[in-house]
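The chain contents come next:
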Amino acid sequence: SQQGEEDPQALSIQEGENATMNCSYKTSINNLQWYRQNSGRGLVHLILIRSNEREKHSGRLRVTLDTSKKSSSLLITASRAADTASYFCATGFRYNTDKLIFGTGTRLQVFP
Amino acid sequence: SQTIHQWPATLVQPVGSPLSLECTVEGTSNPNLYWYRQAAGRGLQLLFYSVGIGQISSEVPQNLSASRPQDRQFILSSKKLLLSDSGFYLCAWSRTPLAKNIQYFGAGTRLSVL
């Protein structure tokens, strides 16, 4: 399967704590993206990191990419109850730039 | 600004009945269009994508088909639904080339086949 794997599958933390989610993939990529999905809703793009970048920040989000290990991590700092959602990584292939392959997702629960 | 419309929000259909889900995009031209299916508590499975009118790429052989009759319209169809077709269907669009852009998702259609 080309689908990426995310770890952990589920994560529960208290407000104010940091949440770290990991994504592993199998093929050569052009970019890696992270999306968020509130329960029963569509996905919303969070951040994109290109294959030649190692780290990127956006507000409370920090993404790292290690192409040698074919892995990425998403760190949410100072989490809030409103961060409760599922988070998915998606990889853009180097040799087919028309599609993304999504990972299995991490369900994050932030308790107030 | 660009918007994506997907309907209906929920659908209950009997086994063996036909299906037609429609997705339209406004505010952009020549978008890439995508259909995904998401099983309960799972990741997204890419079903079809289209880079232009009449151009459909199928990712997973199955009981479904897709069509793009107009530039900003993407339709997911089935002649006879199976129980296994139940799920959450998401339409998305992107600018081209995708390598430099992101996908924008509709609100989804929850399909229950009984």
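About the thresholds
- Every chain begins its residue count from 1, and numbering advances along the sequence as written.
- Note on labels: chains are lettered from A, ligands numbered from 1, in written order.
- Owing to the predicted nature of the model, reporting of local features is limited to residues with pLDDT of at least 70; listing and counting of side-chain atom pairs is limited to 80 or more, with chain, interface and lining totals taken over all residues.
- Values shown for side chains rest on all heavy atoms present in the structure; no hydrogens or waters enter the calculation.
- Numbering goes from the N terminus for both helices and strands, where a helix is a DSSP run of H or I of at least four residues and a strand is a run of E of at least two.
- Note on contacts: a residue pair is in contact if any heavy atoms of the two residues lie within 4.5 Å.
- Residues adjacent in sequence count toward polar contacts only when both atoms are side-chain atoms; beyond that, a polar contact is any pair of N or O atoms within 3.5 Å, and within protein one must be able to donate a hydrogen and the other to accept it.
- Think of it in three bands: residues with accessible area under 20% of the maximum for their type are buried, residues over 50% are exposed, and the middle band is partly exposed, with areas taken using a 1.4 Å probe on protein chains only.
- What makes two strands pair is DSSP finding at least two bridges between them.

1. Some words on the environment of Tyr 89 of chain B
All names here are of chain B.
- Within the element layout of this structure, Tyr 89 appears in strand S9 (residues 87-94).
- Residues Tyr 89 and Arg 110, spaced 21 residues apart in sequence, show a C-alpha to C-alpha distance of 6.3 Å.
- Aside from chain neighbours lying at most four places away, what touches Tyr 89 is Gln 6, Leu 21, Trp 35, Tyr 36, Arg 37, Leu 47, Leu 64, Leu 76, Gly 108, Thr 109 and Leu 111.
- For Tyr 89, the side chain forms a polar contact with the side chain of Arg 37, separated by 3.0 Å.

2. A short note on the pairing of strand S9 (residues 85-93) of chain A
Residue and element names in this part refer to chain A.
- Burial of S9 is extensive: nine of the nine residues sit out of reach of the surface.
- Covered by surrounding structure in S9 are Ala 85, Tyr 87, Cys 89, Thr 91 and Phe 93 together with Ser 86, Phe 88, Ala 90 and Gly 92, the residues of both alternating faces.
- Here strand S4 (residues 29-37) pairs with S9 via eight bridges, running antiparallel. Considered in S9, the bridge of Asn 31 is made with Gly 92.
- Pairing between S9 and strand S11 (residues 106-111): three bridges, direction antiparallel. Bridge pairing in S11 places Ser 86 opposite Arg 107.
- Here S9 pairs with strand S10 (residues 100-102) via three bridges, running antiparallel. Paired with Ala 90 across the strands is Phe 102, a residue of S10.
- Hairpin connection from S9 to S10: six residues lie between these consecutive antiparallel strands.

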